[in-house]
Amino acid sequence: MKTILVTGSAGFIGSNLVMRLLKEGFQGESVHIVGLDNMNNYYDPSLKEYRLKEIERMSLCPTVLPSGNTWSFIKGDLADKALIDRLFSEHHFDIVVNLAAQAGVRYSIENPDAYIQSNMIGFYNILEACRHSYDAVKGTQSKDKGQEASDLRPQTSDYQGVQHLVYASSSSVYGGNKKVPFSTDDRVDNPVSLYAATKKSNELFAHCYSKLYNIPSTGLRFFTVYGPAGRPDMAYFGFTNKLLKGQTIQIYNYGNCRRDFTYVDDIVEGIIRVMAKAPEKRNGEDGLPIPPYKVYNIGGGQPENLLDFVQILQEELVRAEVLPQNYDFEAHKELVPMQPGDVPTTYADATALERDFGFTPKITLREGLRKFAEWYREYYK
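Heads up: these notes are all about the structure in this document.

Thresholds applied
- Residues numbered from 1 in each chain as written.
- Predicted model: local features only at pLDDT ≥ 70, side-chain atom pairs only at ≥ 80, totals over all residues.
- Heavy atoms only, no water.
- Helix = DSSP H or I, 4+ residues; strand = E, 2+ residues; numbered from the N terminus.
- Rg over C-alpha atoms; globule rule 2.2 N^0.38 Å.
- Buried < 20%, exposed > 50% of the residue type's maximum accessible area, 1.4 Å probe, protein only.
- Contact = heavy atoms within 4.5 Å.
- Areas by Shrake-Rupley, 256 points an atom, 1.4 Å probe, with all protein chains shown as cover.
- Disulfide = S-S within 2.5 Å.
- Polar contact = N/O pair within 3.5 Å; in protein donor to acceptor, adjacent residues only side chain to side chain.
- Salt bridge = Lys/Arg side-chain N within 4 Å of Asp/Glu carboxyl O.
- Axes fitted to C-alpha atoms, helices over the stretch in contact; angles between N-to-C directions.
- Parallel < 35°, antiparallel > 145°, perpendicular 65-115°, else oblique.
- Pairing = 2+ DSSP bridges.

1. Digging into the overall build of the protein
Looking only at helices and strands, the protein features 12 helices and 15 strands. Rg of the C-alpha trace for the protein: 21 Å, near the compact-globule value of 21 Å for 381 residues, within the 12% margin. Taking all 381 residues of the protein together, the buried fraction comes to 53%. Counted over contacts in the protein with a minimum sequence separation of 6, partners at least 24 positions apart contribute 83%. Accessible surface computed for the protein: about 17200 Å², of which carbon and sulfur atoms make up 49%.

As structure tokens, this is what we get:
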């Protein structure tokens, strides 16, 4: 059995990943998944509760859930170091997937504290816990100042420590880069939002820990993830809410923005493939570890103009009967300037993902928005 920690498990991507792993297991083995989420109110917590209920419903259905796959949920915060250490001590995780983070570009301007706590301190706690997961393997136990012997991780004969840390980065790290498509070989030293800066810091922290402690880690730069039960602060969801209320939607940069939309099922498929192939541990000529560290883009590689995106969205909302056939969309659209922290284009070069894992996102924008519109109709009735 593989024991897997998924942080942000009540979130959009996290909940979909948990359900996929529960349904299929991992690499032919059964799984025990520990989910962690603080259930904050950045957006309506009832949506997070809905996702958890969907997981719970699956976990109780013997015709869906293969024998041996189990799930447990802990409400807690990444920034709580004592909690993180206790979870690692109790469960001996084989794989850690860190998806918990304070999301949102514009919100990082309003509430920077939340980003430092979750995205930096929280991620540091995960790295430290991964580092100390190897103590039992070495036959030694690290003891920090003030830590009691009873708090230390017990030694076991078969546990090998965390074999792979997979964590969420973001396409936001590319900032105002003019060169497209965005490649992981590009420099990303000019973030245009605090959110982007914290995500770049995650990549730097992970590289440092991979070098110092030989922790296999892979960062995934997600590109504009969307789909059913997604985040209400994302454009497709927010536009739908406003149109349903008869409000006006604002299209930034006068419609001259392009986004590389990636459907959530494609994101989950990419994560699972990456989970199964940790960067190789090996030493350099100096006898020291070469960092077992990788970063990949996960994006469709087909950026869509926002005006085209809105056109497809409105067609699918009408088709799903979320909005009436005669809805006057032109009366509810407003073209406005670019907002602080935004960038005009996101465009993924995902050739490295295809080369190393044989996978490129396939679900089209129309297909994905159709699934979202149908879910929206059922969820909100």
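2. Description of the state of the cysteines
In this structure the tally under the stated criterion is zero disulfides. With no disulfide of its own, C130 lies closest to C208 among cysteine sulfurs, the gap being 14 Å. Judged by its relative accessible area of 0%, C130 falls in the buried class.

3. Digging into the side chain of H32
Note that H32 resides in strand β2 (residues 31-37). Among the polar contacts made by the side chain of H32, one reaches the side chain of T70 at a distance of 2.7 Å. Contacts of H32, omitting those with residues within four sequence positions, involve M1, K2, T3, I4, T70, W71, S72 and H91.

4. As for the pattern of salt bridges
Applying the stated criterion across every chain, the model contains 20 salt bridges. E316 is the salt-bridge partner of R370, the closest N and O atoms lying 2.8 Å from each other. In this pair, R370 is assigned in helix α12 (residues 365-380) and E316 in helix α10 (residues 306-319), connecting sequence segments 54 residues apart. For R370, a relative accessible area of 30% gives the class partly exposed. What makes E316 buried here is its relative accessible area of 2%. What you see here is one network of salt bridges that share partners, running through R20, E24, E269 and R273.

5. Quick word on the packing of helix α1 (residues 12-24) against helix α2 (residues 45-59)
In contact at an axis separation of 10 Å, α1 and α2 are set at 5° when each is read in the N-to-C sense. By the angle between their axes, α1 is roughly parallel relative to α2. Along its contact with α1, which presents F12, S15, V18, M19, L22 and K23, the element α2 presents R51, E54, I55 and M58.

6. With respect to the pairing of strand β4 (residues 95-98)
Burial of β4 is two-sided: the residues I95 and V97 facing one way and the residues V96 and N98 facing the other way are all buried. Two strands pair when backbone bridges link them, and strand β1 (residues 2-7) and β4 are joined in this way by four bridges, in the parallel orientation. Within β4, the residue paired with I4 across the bridge is I95. Pairing of β4 with strand β5 (residues 164-170), which is carried by four bridges, proceeds in the parallel orientation.

7. Observations concerning the side chain of T218
Mapped onto the elements of the fold, T218 is located in strand β6 (residues 217-222). Looking at T218, its side chain comes within polar contact range of the side chain of H164, at 2.8 Å. With residues near it in sequence (within four places) discarded, T218 still touches H164, L165, V166, Y167, V274, P279, K294 and Y296.

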